[in-house]
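Next come the chains, spelled out residue by residue.
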Amino acid sequence: MYYGKKKGIIIAIVIIILLIVIAVGGVMLYLFTDLFKSNQTLFLKYIDQTIQGMKYETNDQTKDIIEAQKENPYQIKGTLNFDYDGSENKQAEILKQIKVELETNANGQEEKTYTKASVLYQNQNLFNLEYANSNNIYALKSDEIVTAFIGVRNENLKVLAQKLGMQDNSNIPDSITPIDYEDLLNISEEEKQHISDTYLPVIVNNIEKSKYSKQSNIPITKEGVEYNTTAYRLDLTSEDIANISVKLLETLKQDSITLNFIATKAKILNLPEEYTQVNNLTKQIDEQIKKIEDSEKSPENGVSIVVYEEKGQTVLTEIIIKNNVKFTLYASNTNQKNSIYVMAENLSTSNDYNTVEMQVTQTKTAKQTNTEILVNKDNDKGLEIYLTNEGLSSDEKVTTTCEINYNDGNDKYIANYEQEINFNEENEIISLDNTNCAILNDYPTDQLSMLIVLIAQQTQNVMNQKMQQLGIQTTN
């Protein structure tokens, strides 16, 4: 009797232990594998990997150069040369003998810049152009056209536009603030989190789970390597897209944090008040909602997104805009290297192109950044850009080399640029005022119109002379 009870207790304990092991194992499988997870959950997981791979952050070397230019005087000396490889071409042969020399002196703290560009042909001076900005005046000069700077004071620009005969100046600001791209692209972690927490649920909650699907054992080739992938797919009709867009815009209308964020960025871009004032932004949103609701919802305008993964890692992602174009993209992001690949395939009856490919790769160390941009159309026409920055401001010198190759299918055009930035170079910079600069804002309308006409005529005369020197026939 006692033995039977003991045996029953032991069996019960074994069963409980097995249940615990199975339960824990199930939890582990759920947490650390894709087993039991819904198609929706897995789609979101792998599309997030795609997004994370495409993130770009300015590297330390680039930040160092930008900050040094804001805080220190510096000098830039650069040279631009051209080359050509292809069939006999008079214009291209002329281009090969042209060189542009640039010299810039700048002081970031004083907001002063002076640049002289010299165009040389067969090593003989062909044309000079000077640029200067100081005291909120931005000006150009070429001694063959005018002997003094011709400039614009960065204030009362609406009035200047009226003087120049512009009928509608509503979109012209009174002054233009130089765009701080670092500030424009800067998004705090709190702002990122708020946007994610606010808008991701709106998207997810307004997509039916039946819109997600899964397909196993899909062969995919990427960069010559074959993968056996699982595809997670989201199919949205034009009605789905319209509904989600309206829900997002309605949420945005009530989201003061993001509205202020958008208005702040719009101010950096010098956009008109329709975008820089929150009240005006909400009006724009209302108008956009009405446009979406009134628009025709064609079945051909749907979108499909397919994410291919192998062993828990996204291989590539496709975005298919029905009967129009299919984008294939993948990316990687590490401390030393960023790489993004995008291919567009034409699905329409248009013959503009079959495929366009673009790949951007950046490798970086503490003192050097190499950027490579490759664009190819139908394996025929292409653009290649190779850019290298080397050095830090603490070295008081940064060198830049840039090579641009363009292939139009028959001929190859090449541009090579080299420059050196020397920091803490104390050079006197021209200070603009009424004694050395004709400031257009200060002229009455009739005199301004006459001045513009005279400058345009002289500019045309000088350009005709230069074309003749180059042996290029001009028509009047």
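Residues numbered from 1 in each chain as written. Predicted model: local features only at pLDDT ≥ 70, side-chain atom pairs only at ≥ 80, totals over all residues. Heavy atoms only, no water.

S.K.: Quick question: what am I supposed to make of the packing of helix H8 (residues 238–253) against helix H11 (residues 278–294) here?
M.R.: A pair of packed helices can be characterised by two numbers: the angle between their axes and the separation between those axes. Packing of H8 against H11 leaves a shortest axis separation of 10 Å and a crossing angle of 165°. Compared by their axis directions, H8 and H11 come out roughly antiparallel. Crossing of H8 over H11 shows left-handed handedness. Of the residues in H11, those touching H8 at Ala242, Ser245, Val246, Leu249, Glu250, Leu252 and Lys253 are Thr282, Ile285, Asp286, Gln288, Ile289, Ile292 and Glu293. Split into classes, the residues belonging to the contact of H8 with H11 amount to seven nonpolar, three polar and four charged. (Axes fitted to C-alpha atoms, helices over the stretch in contact; angles between N-to-C directions. Helix = DSSP H or I, 4+ residues; strand = E, 2+ residues; numbered from the N terminus. Parallel < 35°, antiparallel > 145°, perpendicular 65-115°, else oblique. Left-handed = near helix turned anticlockwise from the far one by under 90°. Contact = heavy atoms within 4.5 Å. Nonpolar A, V, L, I, M, F, W, Y, C, P; charged D, E, K, R; others polar.)

S.K.: Which parts of the structure should I look at to understand the packing of aromatic side chains?
M.R.: Each aromatic ring pair is described using two quantities: the centre-to-centre distance and the angle formed by the ring planes. Evaluated as defined, the whole model comprises five aromatic pairs. Between the aromatic rings of Tyr84 and Tyr413, the centroid separation amounts to 5.2 Å while the plane-to-plane angle is 50°, which identifies the pairing as tilted. Here Tyr413 lies in strand S17 (residues 412–423) and Tyr84 lies in strand S1 (residues 73–85), a separation of 329 residues in the sequence. Looking at Tyr84, the relative accessible area reads 6%, which means it is buried. The class of Tyr413 is partly exposed, set by a relative accessible area of 27%. (Phe/Tyr/Trp six-rings, centres within 6.5 Å; stacked < 30°, edge-to-face > 60°. Buried < 20%, exposed > 50% of the residue type's maximum accessible area, 1.4 Å probe, protein only.)

S.K.: Is there a simple way to explain the layout of surface pockets in this structure?
M.R.: Where empty space is left in the structure can be found by rolling a water-sized probe over the atoms. Roughly 740 Å³ of internal volume is contained in the second largest pocket. Along its surface, the second largest pocket is lined by 22 residues, and Lys70, Gly108, Glu111, Pro178 and Ile179 are the ones closest to its centre. Of all elements in the fold, only helix H3 (60–71), strand S2 (98–107), strand S3 (112–121) and helix H6 (181–185) reach the threshold of two or more residues within the lining of the second largest pocket. At three residues, the largest contribution of residues to the lining of the second largest pocket is made by H3. Its residues placed into classes, the lining of the second largest pocket shows eight nonpolar, eight polar and six charged. (1 Å grid on protein atoms, 1.4 Å probe; cavity = no way out; pocket = protein on both sides within 12 Å on 5 of 7 lines; lining within 4 Å. Points joined across faces, edges and corners; volume = space filled by probe spheres on them.)

S.K.: I tried to follow the pattern of salt bridges on my own but got confused; where do I start?
M.R.: Oppositely charged side chains are able to pair whenever their charged atoms sit close together. Per the stated rule, a full pass over the model turns up 15 salt bridges. Between Glu144 and Lys466 there is a salt bridge, and its shortest N-O distance comes to 2.8 Å. A residue pair is termed long-range when its members are at least 10 positions apart, and Glu144 in the loop between strand S5 (137–141) and strand S6 (149–153) and Lys466 in helix H12 (residues 445–469) qualify at 322 residues. With a closest N to O distance of 2.7 Å, Asp294 and Lys290 form a salt bridge. Of this pair, Asp294 and Lys290 are both found in helix H11, four residues apart, which corresponds to roughly one turn of the helix. Using a relative accessible area of 51% as the deciding quantity, one classes Lys290 as exposed. Bridged by salt links that share partners, the residues Glu130, Lys141 and Asp143 form one connected network. (Salt bridge = Lys/Arg side-chain N within 4 Å of Asp/Glu carboxyl O.)

S.K.: I keep staring at a nonpolar patch on the surface and nothing clicks. Help me out?
M.R.: On the surface, Leu269, Leu271 and Tyr275 cluster together into a nonpolar patch covering about 240 Å² of accessible area. For Leu269, the location among the structural elements is in the loop between helix H9 (256–268) and helix H10 (273–276). Residue Leu269 is classed as partly exposed on the basis of its relative accessible area, which comes to 35%. (Patch = residues over 30% accessible without salt bridge, like charges linked within 9 Å, V, L, I, M, F, W, Y side chains within 5 Å. Areas by Shrake-Rupley, 256 points an atom, 1.4 Å probe, with all protein chains shown as cover.)

S.K.: Can you help me understand helix H2 (residues 39–53) in this one?
M.R.: The α-helix winds at 3.6 residues per turn, so residues separated by three or four positions along the chain end up facing the same way. Counted at 1.5 Å a residue, the expected span for H2 with its 15 residues is 21 Å, and the 21 Å between its end C-alpha atoms agrees. Taken as a whole, H2 has its buried residues at Gln40, Leu42, Phe43, Tyr46, Ile47, Thr50 and Gly53. The arc enclosing the buried residues of H2, seen along the axis, measures out at 165°, which places them on a common side. On its buried side, H2 packs onto helix H7 (189–205), strand S7 (212–222), strand S8 (225–236), strand S9 (303–310), strand S10 (313–321) and strand S11 (325–333). (Expected span 1.5 Å × (residues − 1). Arc of directions from axis to C-beta.)

S.K.: For this particular structure, what's the right way to read H3?
M.R.: Compared with an ideal rise of 1.5 Å per residue, which puts 12 residues at 16 Å, H3 spans 16 Å between its outermost C-alpha atoms and is within 8% of the ideal. Its side-chain oxygen placed 3.1 Å from the backbone nitrogen of Gln61, Asn59 serves as the N-cap of H3. (Polar contact = N/O pair within 3.5 Å; in protein donor to acceptor, adjacent residues only side chain to side chain.)

S.K.: Is there a simple way to explain unusual backbone geometry in this structure?
M.R.: What you tend to see is this: most non-glycine residues have negative phi, and most peptide bonds are trans. Phi at Asn135 is positive, roughly 50°, even though this residue is not glycine. Positive phi outside glycine occurs at Asn156, with the angle close to 50°. If you trace the backbone, Asn156 turns up in the loop between S6 and helix H5 (157–163).

S.K.: I tried to follow the nonpolar core on my own but got confused; where do I start?
M.R.: If you look at the biggest cluster of nonpolar residues, it comprises 13 residues, and the most contacted ones within it are Phe43, Ile207 and Leu234. If you list the elements that add at least two residues to this core, you get H2, S8 and S9. Element by element, the count of residues in this core is highest for H2, at four residues. Setting aside residues no more than four positions away along its own chain, Leu234 makes contact with Phe43, Ile207, Lys211, Tyr212, Val303, Ser304 and Ile305. Listed in part, the 12 residues of the second largest apolar core include Ile145, Val146, Leu157 and Ile455. (Core = buried A, V, L, I, M, F, W, Y, C linked by side-chain atoms within 4.5 Å.)

Read these as spatial facts, not as claims about activity.
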